[in-house]
Amino acid sequence: MSAAPAAGACDHGARRLSVVQLLPALDSGGVERGTLEVARHLVRHGHASLVISAGGRMAAQLREEGSEHLQWDIGRKHPAVLMWIPKLRALLAERRPDILHMRSRLPAWIGWHAWRRLDPRTRPRLVTTVHGTYTPGRYSSVMTRGERVIAVSHTVRDHVLTHYPDVDPARIRVIWRGVDGQAYPYGYRPPPDWLERWRAEQPRLADHYVVTLPARLTRWKGQEHFIEVIAALRAGGVPVHGLMVGGAHRRRRSFARELARRIRDRGLGDAITLLGHRADLREILALSDAVVSLSTDPEAFGRTTVEALAMGRPVAGYDHGGVGEQLHAVFPEGAVAPGDHAAVAERLALWYRQPPRVPDHNPFTLDRMLDATLDVYRELADAPR
């Protein structure tokens, strides 16, 4: 990994940019991780990076990697959040950054109201990222107001254009989320000490065909379909063991109990394990014989499936949303008609008998995502007002 340019120096002879990113907090999640990745990329390429959020466990890493952080609670759902509008307006007027990048709806409203009253000749250029297929309406519309709107998949782009027909398609840039090839290398295998602990923890998995559903426990993520897939595989003679990896929000704990009852009622108590939230998901995906994505609603992108594909693990998924885009780009034989869990079981039974090879080419790389984001910043900063 190359060293960052000296302060004030930029690669390719480009001028130094100053970028401000807004989001609610820096605790965990895809939006937060993407913010840190972009901030790190900016600093490494000689640009100035400022992130405004309520803070969280990732804030220290952000600062260590060279960004500035202002701990402002701009995502708090309370009328007092409006006090940040004049403070942000004053900050932007004083510092005059090149780019204001808004990544979440409530902070985006704060940013929008601060930005719109600044001098159009000197205010920062406005970028938004639409990370999901938000419920259409006025509250979500703020994410379409950027001078450039980044969509994390073609699915998200189509959602924006369908529900906000006044948005000029020329303002939208599709930038798929990316996987760090160093963290998720093709052919990755967990280290021996992890494998030893895992085998001691999960002795039932020995000599089984391991199929993993990585998804938080919520009804639309397809856990009920997963139970039917495992049942069908067992009925067909496949020595399968299914792993559900993902925690349940406190408001979804009743669904977790419902799943456990359903597994018992189907006689699958020895064939499916609910692992809950795991910090070692990468290792679990890497040792799985197959990974599935069974979301009944289209995923905006679906990072865990592309992580599995990046490591060379076969993925069977419903052919819609961002997961469908990934499968068509990398592993088309994994695409199954949405909702057809019987076809998923048939596909997995075939793979059990003849394991497929996942190609080692992958367009969903972190470097490509970061370079494309920086290109959007440069394009907009250099565009006439």
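The structure displayed is predicted, hence computed values, not measured ones. (Residues numbered from 1 in each chain as written. Predicted model: local features only at pLDDT ≥ 70, side-chain atom pairs only at ≥ 80, totals over all residues. Heavy atoms only, no water.)

A.B. asks: In this structure, what is going on with the nonpolar core? I would like to understand it.
C.D. replies: The tendency in soluble globular proteins is for nonpolar side chains to be buried side by side. In terms of nonpolar packing, the biggest core is built from 100 residues, with Ile52, Leu88, Leu233, Val292, Val344 and Leu348 touching the most fellow members. Residues contacting Leu348, with those up to four places away along its chain left out, are Tyr209, Val211, Val229, Leu233, Ala290, Val292 and Ala316. Formed by 16 residues, the second largest nonpolar core is a distinct cluster that contains Leu17, Val38, Ile175 and Leu370. (Core = buried A, V, L, I, M, F, W, Y, C linked by side-chain atoms within 4.5 Å. Buried < 20%, exposed > 50% of the residue type's maximum accessible area, 1.4 Å probe, protein only. Contact = heavy atoms within 4.5 Å.)

A.B. asks: Please explain the sheet that holds strand β12 (residues 315–318) as it appears in this structure.
C.D. replies: With parallel pairing, 6 strands are arranged side by side in an open sheet as β10-β9-β8-β11-β12-β13. A single partner strand is all that each edge strand has here, and the edge strands are β10 (272–276) and β13 (335–336). Looking at chain direction, strand β11 (residues 290–293) and β12 are connected through 3 bridges and run parallel. From the neighbouring strand, Val291 faces β12, where its bridge partner is Val315. Those strands touched by helix α8 (residues 223–235) are β8 (209–214), β9 (240–245), β10, β11 and β12, and its axis lies near 170 degrees from that of β9. (Pairing = 2+ DSSP bridges. Helix = DSSP H or I, 4+ residues; strand = E, 2+ residues; numbered from the N terminus. Axes fitted to C-alpha atoms, helices over the stretch in contact; angles between N-to-C directions.)

A.B. asks: Explain the sheet that holds strand β1 (residues 18–22) here, please?
C.D. replies: Hydrogen bonding along the main chain pairs the strands of a sheet, whether they run parallel or antiparallel. On the basis of which strands lie adjacent, the open sheet formed by 7 strands has the order β3-β2-β1-β4-β5-β6-β7 and parallel pairing. One side of each edge strand has no neighbouring strand; the edge strands of this open sheet are β3 (68–71) and β7 (172–174). Each adjacent strand pair in this sheet contributes to an overall mean axis angle of 20 degrees, direction not counted. Relative to strand β5 (residues 125–130), strand β4 (residues 99–102) is paired through 4 bridges, and the arrangement is parallel. What sits directly across from Met102, in β5, is Thr128.

A.B. asks: Would you mind going over empty space enclosed by the protein with me for this structure?
C.D. replies: Over the atoms a probe the size of a water molecule is rolled, and this reveals where empty space is left. Taken as a whole and assessed by the stated rule, the structure comprises 2 cavities of 30 Å³ or more. The calculated volume of the largest cavity comes to roughly 40 Å³. Around the largest cavity, the lining residues are Val130, Tyr134, Ser140, Met143, Thr144, His159, Val160 and Tyr164. Tallied by class, the residues present in the lining of the largest cavity amount to 5 nonpolar, 3 polar and no charged. For the second largest cavity, the calculated volume is near 30 Å³. Around the second largest cavity sit Val38, His41, Leu42, Leu370, Thr373, Leu374 and Tyr377, which together line it. Those elements that provide at least two residues to the lining of the second largest cavity are α1 (30–44) and α14 (366–382). (1 Å grid on protein atoms, 1.4 Å probe; cavity = no way out; pocket = protein on both sides within 12 Å on 5 of 7 lines; lining within 4 Å. Points joined across faces, edges and corners; volume = space filled by probe spheres on them. Nonpolar A, V, L, I, M, F, W, Y, C, P; charged D, E, K, R; others polar.)

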